[in-house]
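A structural walkthrough
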Amino acid sequence: MKLESDLVFDRSPRKLAAAYLCLGSLFVVAADLAVGAAVGSLSTWTPARVVDGWALVGTSSLVLYGATTYQRRRAVSARSELETSNQQLQVLSRVFRHNVRNDLNVIQGYTDLLADRVEDERSQECLETIRETTDDVVEISEKLRVIEDASPAPPSGRVDLADAVREAAAEVDRADVALTVDAPAEAWVRADESIEYPIREVFENAVTHNDESTRRVDARVTERGSTVCLAVSDNGPGIPDDERAVLRAEEETPLSHASSIGLWLVKWMCETQGGTVGFETNDDGTTVRLRFESVDDPAGTASTAEARQRASRGSGTARADTVADGSGERPVDNG
């Protein structure tokens, strides 16, 4: 039998103990009478046995009262601490996103003015460092906004993951990046439009945190059963073990923390979409795998004309395989 929380946990410890005492006392009497009837003689039923049973029920009801009182006090304290923490986070988020960002915009403006007036190389380098640092902090505020605005409700929409991956890859198409995308024509998953943020972040991390002379990023979308997986591999130094341990433990400490909020954005935003995130680092680089629930094409069965058009493309072009070397994109024949 399933008991709803409002039928049990919202009752006071005194009411729970009293209800247990009454039901337990009735059960003792009923059990003794049932045993006497089963053996064919009620002579074994004595008031002394009932008193012993009632004493046991009374003692256990006191234990129940003490345990529920203790747990209730802990719950009230935890709820109060949680509400305080949430209020503090809301205030800090608002101050960081608005006040601090406005101040950073002022710094950026004066930096640009100074850049036009300063001529020596050393000062120009200092101004460029200021500009890059402020840009990084502004970017963090944007990521915090994305996380804060994310809906905790399970997604009910459908998104073409293959199309979202191609759009994210197009944003990191640079001359110094060798980018490949291997994806089917369509790969629909259970998600909403905010799925673009973790996908974009994975591509940006693969490029930004890569100090190789030729930065290589390989993205592959595969469908297996009820799951669609996006695997993004790079030839960078990889995610440090301590940062991956922080994500697995879902807790940061002064001695163990992630160097960027980007990894948290990937993790949280994927989980709000009902997906999972996996990291794999070796000597060749890092592979990040995002897995989502596969769903049917919302348009239903493709029309006959569309089916013939797809079939005529052949196996070599049935998949949207592209290579970007900074000068453009060209199809790749996998045959």
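Residues take numbers from 1 onward in each chain, read along the sequence in its written order. This being a predicted model, a pLDDT of at least 70 is required before a residue's local features are given, and a value of 80 or more before pairs of side-chain atoms are given or counted; all residues contribute to the totals for chains, interfaces and linings. Values reported for side chains reflect all heavy atoms of the structure, with hydrogen atoms and water molecules removed beforehand.

Topic: the pattern of salt bridges
Keep this limit in mind: Note on definitions: salt bridges are taken to be side-chain nitrogens of Lys or Arg within 4 Å of carboxyl oxygens of Asp or Glu.
In this structure the tally under the stated criterion is 9 salt bridges. Connected via shared salt-bridge partners are Asp112, Glu128 and Arg131.

Here's the deal with helix H5 (residues 161-171)
Our working definition: Accessible area is worked out with a 1.4 Å probe on protein chains only. A residue is then buried under 20% of its type maximum, exposed over 50%, and partly exposed in between. A run of H or I in DSSP counts as a helix once it spans at least four residues, and a run of E counts as a strand once it spans at least two, with each numbered from the N terminus. The arc in question is the one spanned by the directions pointing from the helix axis to the C-beta atoms.
Listed in full, the buried residues belonging to H5 are Leu161, Ala162, Ala164, Val165, Ala168 and Ala169. All buried residues of H5 lie within an arc of 160 degrees about the axis, which places them on one face of the element.

Considerations on the environment of Thr180
As a reminder, the rule being used: Pairs of N or O atoms within 3.5 Å make up the polar contacts considered here, provided that, within protein, one atom can donate a hydrogen while the other can accept it, and that residues adjacent in sequence are counted only when both atoms are side-chain atoms.
Tracing the backbone through its elements, the reader meets Thr180 in strand S2 (residues 177-184). Its relative accessible area of 24% is what places Thr180 among the partly exposed residues. Here the side chain of Thr180 touches Asp218 through a polar contact of 2.6 Å, side chain to side chain.

A look at the side chain of Thr69
Positionally, Thr69 belongs in helix H3 (residues 47-117). Relative accessible area serves as the criterion here: at 15%, Thr69 is assigned to the buried category. A polar contact of 2.7 Å, which involves the side chain of Thr69, links it to the backbone oxygen of Tyr65.

Here's the deal with the nonpolar core
Keep this limit in mind: Nonpolar cores are built from buried Ala, Val, Leu, Ile, Met, Phe, Trp, Tyr and Cys residues. Side-chain atoms within 4.5 Å join them into one set. Contacts: residue pairs with any heavy atoms within 4.5 Å of one another.
Residues Leu161, Val165, Ile199, Phe203, Leu230 and Leu290 are the most contacted members of the largest nonpolar core, which totals 32 residues. Only H5, S2, helix H6 (196-208), strand S4 (215-224), strand S5 (227-234), helix H8 (262-272) and strand S7 (285-293) provide two or more residues apiece to this core. Among residues more than four places away in sequence, those in contact with Leu230 are Leu161, Val165, Ile199, Ala219, Arg220, Val221, Val288, Arg289 and Leu290. Counting residues in hydrophobic clusters, the runner-up holds 6 residues, among them Val146, Trp264, Leu265 and Met269.

Focus: the pairing of S2
Selection rule: Strand pairing requires that DSSP identify at least two bridges connecting the strands.
Among the 8 residues in S2, 6 count as buried, and that is most of the element. Inspection of the sheet shows S2 paired to S4 by 6 bridges, in the parallel sense. Each residue of the ladder has a partner; that of Leu179, found in S4, is Val217.

Brief notes about a negative patch on the surface
Defined as follows: Residues with no salt bridge and a relative accessible area higher than 30% make up the patches, which join like charges within 9 Å and nonpolar side chains (Val, Leu, Ile, Met, Phe, Trp, Tyr) within 5 Å. Residue burial considers only the protein chains on display, and all accessible areas are found by Shrake-Rupley using a 1.4 Å probe. His residues and chain termini do not enter the charge count, which takes Lys and Arg as positive and Asp and Glu as negative. Charged groups are reduced to one reference atom each: NZ for lysine, CZ for arginine, CG for aspartic acid, CD for glutamic acid.
Side chains of Asp163, Glu167, Asp192 and Glu193 sit close together on the surface and give a patch of like negative charge. Relative to the helices and strands, Glu193 is located in the loop between strand S3 (188-190) and H6. With a relative accessible area of 56%, Glu193 lands in the exposed category.

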